Amino acid sequence: MEIKMVNLKINGQAVSVPEGTTILDAAKVAGIKIPTLCYLRDINAIGACRVCVVEVKGARSLVAACVYPVNEGMEVITNSAKVIEARKTTVELILSDHDKNCLSCVRNQNCELQRLSEELGCDAKRFGGAVNEFELDASTPYIVRDNNKCVLCRRCVAACKNYQGLSIIGANSRGFNTHIGASFDFDLNDVPCVGCGQCISVCPVGALHEKEEIDDVIAALQDKSKYVIIATAPSVRVGLGEEFGYPIGTNVEGKMVTAMRKMGFNAVFDVNMTADLTIMEEGTEFLSRLNNGGVLPMMTSCSPAWIKFVEHNYPEMIPNLSSCKSPQQMFGAICKTYYAEKMGIDPKDMIVVSVMPCTAKKFEKGREYQNAAGVPDIDITLTTRELAKLIKRYGLIFNELEDGQFDAPLGIASTAGLLFGATGGVMEAALRTLADVLEGKSLDNIDYTAVRGTKGIKEATVTLAGKEVKVAVASGLANAKELMEKIKKGEADYHFIEIMSCPGGCVNGGGQPIKSAYERNNYDIKALRAGAIYDADKSASLRKSHENPVVKEIYETYLGEPNSHKAHEILHTKYVARKKY
Amino acid sequence: MARIKLTKVPFAGTPEQEAALNAKLDELKSVPGGLMPALQFAQELYGYLPIEVQTKIAQALGMSLEEVFGVATFYSQFTLSPRGQYQVSVCMGTACYVKGAGDLVDALKAKFGIESGECTDDGKFSLIETRCIGCCGLAPVLTVNANVYGKVTTNQLDGIVSEYK
């Protein structure tokens, strides 16, 4: 079908765009930026906030550029005095019912409302009058909701519904009383929220943020009786740089390691290492299920929001979940058993800090059956954003730091472990190892490109030692839900499924640096960050989990073999059915 | 606006009501936009929309509970509070209003410890403000179920309410 082009003028400039394009997108083509607040490409085009209003010649009133389609001969003015005044008043009205305690706000200097107010020259106190007052919802270990800062843009509602298929939060009541909340205004901890944090990632202001544990780290580092370990998840290194001005998709592993070392941690390790260990355990579990008539398809268990999602929504599928702990939890468990024994340290005197691109990891560390040494495997979990704040608080000039390397032994990892950061990465890492194990030799062709890319659902059939294995990969729980429904109806016969809760995988997790709507709308952030992961993998020499020398040593000297009794005690866990309603 | 207040009156739905709701939901579950008619039916059936009923609707229509709750709290035709055993309705028509109906409402709110549209925790009294009920000569007027009280003053309220204890 031929695409019909539409010709229009924006600020007197001629532009030609396909029919159906919005004024907002047509303006972008013409190199003109129209400010937005509630709009988020693909998930929230509701024309509600009126910040993107423009003048259209002949139109009765100003129109919302984010939802108004162009038509032939249209003349648009995006920056007339009338338009600017309307936007300014709109933002001032939003500010009239906003907690303007910006200096102490978690989003100070990274706030879209603040930026709009500045760009439009708003008087934040122009309108007085009634102000809503809300209690803070700090009921969960991962997300804090502060409706006093909410601007009712509904971006969080759209993320919860469209990315995750959950609709845990929505707009309650109406008019001036409208507020975002869960059903029956329950605390987030009392509803089937999975903790993914995608609502935080899309929030333009400080109404949603993670429950910070920064002070706990500072206190731990002051306590000289403790052996304090820090380790970072795969995605952290390809996100952290953004908080220090690096372009999206910059790998800052070296500087990140140096920063953590300078803060005084006793050991700076890499969760990629236990991602390798996960592959050994999960791969072995898969082969055992495949060969012994176990429950299939087996589903990965690295993503804690996914686990909670299954527990709430598909409890009947709990037997399909791999019993493996996530790499974060395996990391803490190995620190407090194998490494503690090796170093002669009482696990009670260890504090293990994990840095994650994720908010649900803060929930995961407090789950039952996550304490291999009789104490919690993980003590403190920071998001990537919190690590950046910690680095700033310690007065480190990040951009000027030299590159460092992770400490041995638990900082040695293959890039198969690194792949865990991107959707399809766990599957690819597993296939690299499974293929070698089943063929009984080291294969060279190990790029499983069919499971790469940011598509929501990917399927592939892989031949492993003559045996056909059907795999599926999904990211974003709305996509996961689609897969689950197919399986329930018997329309799918997969053997192995990888799920990551956040669209694009952990690189786009709810704990990663927050990007403005403008960046979200105009760049493929998840693909750029994933690109940095695949680049690092391409040039690495150690690219298979089972070839990691530390993994080999841990099995030889400590665990015996994958899925051994001891490995089960330390590296595996259990799940519980939870209520959906 | 703090949290939306939830009733503490225990849900007392009957098996007949449940059967009627189930039948309606069966019919609506494949209808696009079935939520509004479902809520309207349930509101008519139970007189209010408690969590037990909204949960049933959410399950049947394959929605999250918040999606149902968001709609139920948006439209003023729906209420989350049951009607009390005795419904006290204060006429807020012009004549009653100028004769002090507002003071009656305030006094009743304070007496019952509830807002308009709510029900006391024991399920006994609910309070609503109505439009003109057509007996302006008796202003200000309130009714308790079918009984009409005219020319009411705030100091008569204790006496009126005590008739229904």
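For the structure itself, consult the block above.
Anyway, here's the lowdown on the structure attached to this text. What you are looking at is a predicted structure, and each value in this text was computed from that prediction instead of being measured. (Residues numbered from 1 in each chain as written. Chains lettered and ligands numbered in written order. Predicted model: local features only at pLDDT ≥ 70, side-chain atom pairs only at ≥ 80, totals over all residues. Heavy atoms only, no water.)

Below, the discussion takes up the environment of Arg578(A). Residue and element names in this part refer to chain A. Within the fold, Arg578 resides in the segment after helix H19 (565-571). Take Arg578: its relative accessible area is 26%, and that puts it in the partly exposed class. Measuring from C-alpha to C-alpha, the distance between Arg578 and Tyr314 comes to 9.2 Å, with 264 residues separating the pair along the chain. Those residues within four positions of Arg578 in sequence are excluded, and the remaining contacts are Lys308, Glu311, His312, Phe363 and Arg367. Separated by 2.6 Å, the side chains of Arg578 and Glu311 make a polar contact. (Helix = DSSP H or I, 4+ residues; strand = E, 2+ residues; numbered from the N terminus. Buried < 20%, exposed > 50% of the residue type's maximum accessible area, 1.4 Å probe, protein only. Contact = heavy atoms within 4.5 Å. Polar contact = N/O pair within 3.5 Å; in protein donor to acceptor, adjacent residues only side chain to side chain.)

This next bit is on the nonpolar core. Residue and element names in this part refer to chain A. Ranked by internal contacts, the top residues of the largest apolar core, which has 127 residues, are Ile229, Phe265, Trp306 and Leu410. A per-element tally of this core places helix H10 (residues 327-343) first, with eight residues. Discounting residues that sit within four places of it in the chain, Trp306 has contacts with Met299, Thr300, Leu321, Leu477, Ala480, Met484, Ile499 and Ser501. Counting residues in hydrophobic clusters, the runner-up holds 26 residues, among them Cys302, Met427, Leu464 and Val471. (Core = buried A, V, L, I, M, F, W, Y, C linked by side-chain atoms within 4.5 Å.)

On to the interface of chain A and chain B. Each partner contributes residues to the interface: chain A has 24 residues there, and chain B has 23 residues. When the two sides are added together, the surface that chain A and chain B hide from each other amounts to roughly 2,000 Å², 57% of it contributed by carbon and sulfur. Taken as a group, Arg174(A), Phe184(A) and Tyr581(A) account for 41% of the area that chain A buries against chain B, more than any other trio of residues on that side. Inspection of the chain A/chain B interface yields three salt bridges. Between Asp187(A) and Arg3(B) there is a salt bridge, and its shortest N-O distance comes to 2.8 Å. Linking chain A to chain B there are 11 residue pairs in polar contact (both at pLDDT 80 or more). When residues of the side of chain A that touches chain B are traced back to their parent elements, those giving at least two are strand S7 (169-172) and strand S8 (179-182) of chain A. Among the elements that make up the side of chain A that touches chain B, the one with the highest residue count is S7(A) (four residues). A per-class count over the side of chain A that touches chain B returns nine nonpolar, nine polar and six charged. (Buried area = accessible area lost by both parts, 1.4 Å probe. Salt bridge = Lys/Arg side-chain N within 4 Å of Asp/Glu carboxyl O. Nonpolar A, V, L, I, M, F, W, Y, C, P; charged D, E, K, R; others polar.)

All names here are of chain A. Along the chain, Leu296 connects to Pro297 via a cis peptide bond; the corresponding omega equals -10°. Locating Pro297 in the fold gives a position in the loop between helix H8 (271-291) and strand S12 (298-299). Here the bond from Ala408 into Pro409 is cis, since omega is 0°, no more than 30 degrees from zero. Relative to the assigned elements, Pro409 resides in the loop between helix H12 (384-393) and helix H13 (415-418). Within the chain, Arg50 stands out as a residue other than glycine whose phi angle is a positive 70°. Tracing the chain through its elements places Arg50 in the loop between helix H1 (23-29) and strand S3 (53-56).

Moving on, we come to empty space enclosed by the protein. Residues and elements named next belong to chain A. In total, this model carries seven cavities of 30 Å³ or more according to the counting rule given. Empty space within the largest cavity amounts to approximately 290 Å³. Cys302, Ser303, Pro357, Lys361 and Cys506 are the residues nearest the centre of the largest cavity, which is lined by 25 residues in total. Breaking the lining of the largest cavity down by element, the ones donating at least two residues are helix H9 (304-313), H10, helix H11 (360-364) and strand S17 (496-500). Here the residues of the lining of the largest cavity are counted per class, giving 18 nonpolar, six polar and one charged. Approximately 190 Å³ is the volume attributed to the second largest cavity. (1 Å grid on protein atoms, 1.4 Å probe; cavity = no way out; pocket = protein on both sides within 12 Å on 5 of 7 lines; lining within 4 Å. Points joined across faces, edges and corners; volume = space filled by probe spheres on them.)

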